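Below, each chain spelled out in residue letters.
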Amino acid sequence: MTAADNDHRPAPAPDIPAGAVPAYQASADTSAQAASAGGRAPGRRRTDPLDIGIVVVVLAVIVTGALTTRFFSLANARAILASTAWVGITAIGATVVMIAGSAVSLAVSQTATVVAMIFLATQQFGLAAAIVLALLSGVAMTALQGAVIGFWAANPIAWTIAAGFAIGGVATWISGGTTVYPQVAAFSGLNDTPLGLPLAVYVLLAGTAAAEWFLRRTTAGRHMYLIGENPAAARAAGLPVGRVTVIAWAIFGACIALTGVFLAAFNTSANAGLGGTLSLDAIAAVLVGGTAIGGGKGSALRTLGGALLISAISDLLLLRGFSTGIQLLVKGILVLFVVIAVHVRAARGRG
Amino acid sequence: MSDVTSAAAGAPARPQVSVTGLTRGFGGVPAVQDVSFTVGAGEIHALCGHNGAGKSTVVKMLSGQLAPDSGRISIDGQPVRLGSRQAAQRLGVALVDQELSVVPALTVLDNLLLGDVSAPLVNRRRAALARCAQVLADLGLDRLRPQQPLSELSIGERQLVEVARALSQNARLVILDEPTATLSDAETEYVFAAIRRVAARGCSVIFVSHRLSEVLELCDTVTVLRDGRRIATTPASELTVSDLIVQMLGEAPHRLTAARPPDSLPGDALRIEHLRVPGRLTDFSLTAQAGRVYALAGQLGSGASDVLRALAGLHPQATGTVRLRDRAVPFRSPVGAAAAGVAFVSNDRKSEGLFLDKTIAANLLATRLPALGRAGLLSSRRERQAARTLAELVGISGHRLGEPAAALSGGNQQKVFVGRCLGRDDVYALLLDEPTRGVDIGGRTAIHRLLRAAADAGLIVLFASTELEELLELGDVIITMRETRMVGRYEGGADGAVLMRDMTHGAHAA
């Protein structure tokens, strides 16, 4: 059943000339990538249907963009980046969790909302303290969900739906169902736009770089790729499946909390609906980036690309005067397209 | 089942299946070159060969999974084009694959009907049930109910269901690729009886196996391949196991023995006391010294493999005391067992072993990442070094380290799996469940050599196996097991017949 034939020693992929397989020690960089399971193996690089599709979509965006006034302008580029930032930060965390094999969380919006409320309610202690408290609460809530998934193998989807209702319920209960306003606005600095870009954009870029480094260069990050690909093998090998899963979810929690903080600062108040469709927007960005929903494959960089692509398309549709409904529809089609492309890829890999 | 004429049983001379000049390459590298042989009606024809000899490629061409570059396949004198597995099945070719392809979520009956192109669109349930019961009875599986979900069955029983599926298709050619790799000897006997029955009905059978004594016992003719070419086709009655090995390897293999008298440092020992797993293992005790190889001889269900799984932390309900180097092993979790210095190689390489989509390097390093850096940060230089050293140790070209593990042959995958546990300072006991399952003779010798070297380097090696040759070749101490209990213990040589008796119908030792 495996793609590899069992019997002939040299030919991993029939359609690749032998010279195309680079030596492992070719350079520090490639070998590190090859070894870090995330990148597809150089030995059987075929044209990936997903990558072809993405290139086509990107080209379509560029061509349509060129025909659209104001799409290729500095101001619009800033707008795209700015609108990517909030969802993007959360999506980076979602990528880590998806690579580690826990699929998705459907409790993201609620968690971000609660964090935003905590952040606003603690403004009187100063910005630093409020951020620390917000991060701690986000990490605690999310890591706890991860612990149940990592140690007791709970189904992530069912479990996070339950957790989402619980978190949302507690938030509504404590806030009394009303909007939370800060006593003082210590957060105003978070809405600064150094070099014309919101602070959140810099956090997104730094977060992507940090996550990428973490996934490739640390023991925990590399364990995530292994656990995500084959949890049974990881368990039998004695890898710390539970602990690594909790770490992945803790990182996710920190990312959600950062998004919650920026949402709160931007809106200057928080109600139960603040999180909006953050859960699904983040998942869409991760999927469009090509991270495998089944775990074991993907990268933070790809997710950044996915988030930017979604923003660029929404922006383009907005500039051409399409309604919000059409924008949502296109986003749906994009995710659907990626899911189909990934399926085709998996089917090919098996054949 | 009975609508096939059984006229040909006595006359195996007429070639029913003939292969002429079959050739197939991959990316310019020939995997099979100019292979020809014929299989008569009612003949059981073995295909043997060392790793990379081209057996699987021939099987894939015969079953429609690969198209030949040149050459011809004829059935009943008619040249056929086998464009896909379905097309091959329609032309009367049934295949039992090396890897399990049954579906655990479905029932036994559904699995038997699965992929049978002759099955009617609307299932006639009662007829199917009757046929299913007959097929199961033929394979000695009367104890299974057709409505039982496959997930309740052991690996061996699932393999038997897979065999039953192929044998029930009224095929003209049945190909069995390593069908007995996961089976106990009793189960193997049932499969052989069923194969003989199918052959007696006039069906041609191609049997691929690494178990040479089985090949000689079952088959009429043996074709040996080496490096993609046919070396010889000989009647089985004129062959011995060593003849076959010489044909396959081109040289006679030598026996492995302990390089030095085993250490007896009592502090280094693995002490297992009263290990129990409910329903699977009854009161197992053993003290294993560093530097020696301990073999657990037992069929499926004997408890041999459960000793290893319990020690590796994969039986959370296990009880007893286990001490390694005078420290208690927390064997109720795999993480605890690994931290205490236990490394485990499962018998299920695909689902519980390798990370097949990951590179060979990533697989070799999978369990030693913490040792390759400081404070959780990895050093690329040390990673590269470690991967290269390990590749050299297990005998895989350093140039292949970047390829996915799935691209390796079964034997080489197993080398990677074993290599993953070697050369680590924090491993004291190496546990292997069927260390050479589905591995060819060459790979097997290499793995045995690795294990012997590991023991010589001071490791405790404990393995479970159902294969006599392997037990005798590798074990310094052999412990026989049957029906969840230890039966006997042999040191310094044992008689194969005695071991077999212990494993199958011996009396329990005190």
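Refer to the structure printed above.
Residues numbered from 1 in each chain as written. Chains lettered and ligands numbered in written order. Predicted model: local features only at pLDDT ≥ 70, side-chain atom pairs only at ≥ 80, totals over all residues.

A.B. asks: Kindly report on the overall build of chain B, identifying the contributing residues and their values.
C.D. replies: Within chain B one finds 17 helices and 22 strands. Out of the 510 residues belonging to chain B, those deemed buried represent 53%. The contacts in chain B between residues at least 6 apart in sequence include a share of 69% that link residues at least 24 apart. (Helix = DSSP H or I, 4+ residues; strand = E, 2+ residues; numbered from the N terminus. Buried ≥ 20, exposed ≤ 12 C-beta atoms within 10 Å, placed from the backbone. Contact = placed C-beta atoms within 7 Å.)

A.B. asks: A description of the nonpolar core should follow, citing residues and the corresponding values.
C.D. replies: Counting 186 residues, the largest nonpolar core has B:V342, B:L431 and B:V461 as the members making the most contacts within it. The biggest single contributor to this core is helix 10 (residues 241-267) of chain A, with 19 residues. Setting aside its immediate chain neighbours within four residues, B:V342 contacts B:L311, B:A312, B:L324, B:V329, B:A337, B:A429 and B:L431. (Core = buried A, V, L, I, M, F, W, Y, C linked by C-beta atoms within 7 Å.)

A.B. asks: Lay out the environment of A:L301 with the relevant residues and their values.
C.D. replies: All names here are of chain A. With respect to the secondary-structure elements, L301 resides in helix 12 (residues 300-319). Judged by C-beta crowding, with 17 C-beta atoms within 10 Å, L301 ranks as partly exposed. Setting aside its immediate chain neighbours within four residues, L301 contacts T208 and E212.

A.B. asks: Pulling in residues and values, what's your account of the sheet that holds strand 19 (residues 429-433) of chain B?
C.D. replies: Residue and element names in this part refer to chain B. An order of 16-19-20-13-21-22 is seen for the six strands of this open sheet, with the pairing classed as mixed. At either end of the open sheet lies a strand with only one pairing partner, and these are strand 16 (342-345) and strand 22 (485-491). Each strand of the sheet is rotated relative to its neighbour by a mean of 20 degrees, with strand direction disregarded. Direction of pairing for strand 13 (residues 293-297) relative to strand 21 (residues 477-482): parallel, over a ladder of four bridges. Bridge pairing in strand 21 links A295 to I478. (Pairing = 2+ DSSP bridges. Axes fitted to C-alpha atoms, helices over the stretch in contact; angles between N-to-C directions.)

A.B. asks: Residue-level account of the sheet that holds strand 14 (residues 319-324) of chain B, with values.
C.D. replies: Whenever strands of a sheet pair, they do so through backbone hydrogen bonds, lying parallel or antiparallel. Residue and element names in this part refer to chain B. Spatially, 12-11-14-15 is the arrangement adopted by the four strands of the open sheet, whose pairing is antiparallel. Strands at the two margins of the open sheet, each flanked by one partner only, are strand 12 (281-288) and strand 15 (327-328). Of the pairings in the sheet, the one linking strand 14 to strand 15 comprises two bridges and is antiparallel in character. Residue pairing across strands places L324 opposite R327, the latter belonging to strand 15.

No statement about biological role is implied by the geometric values presented.
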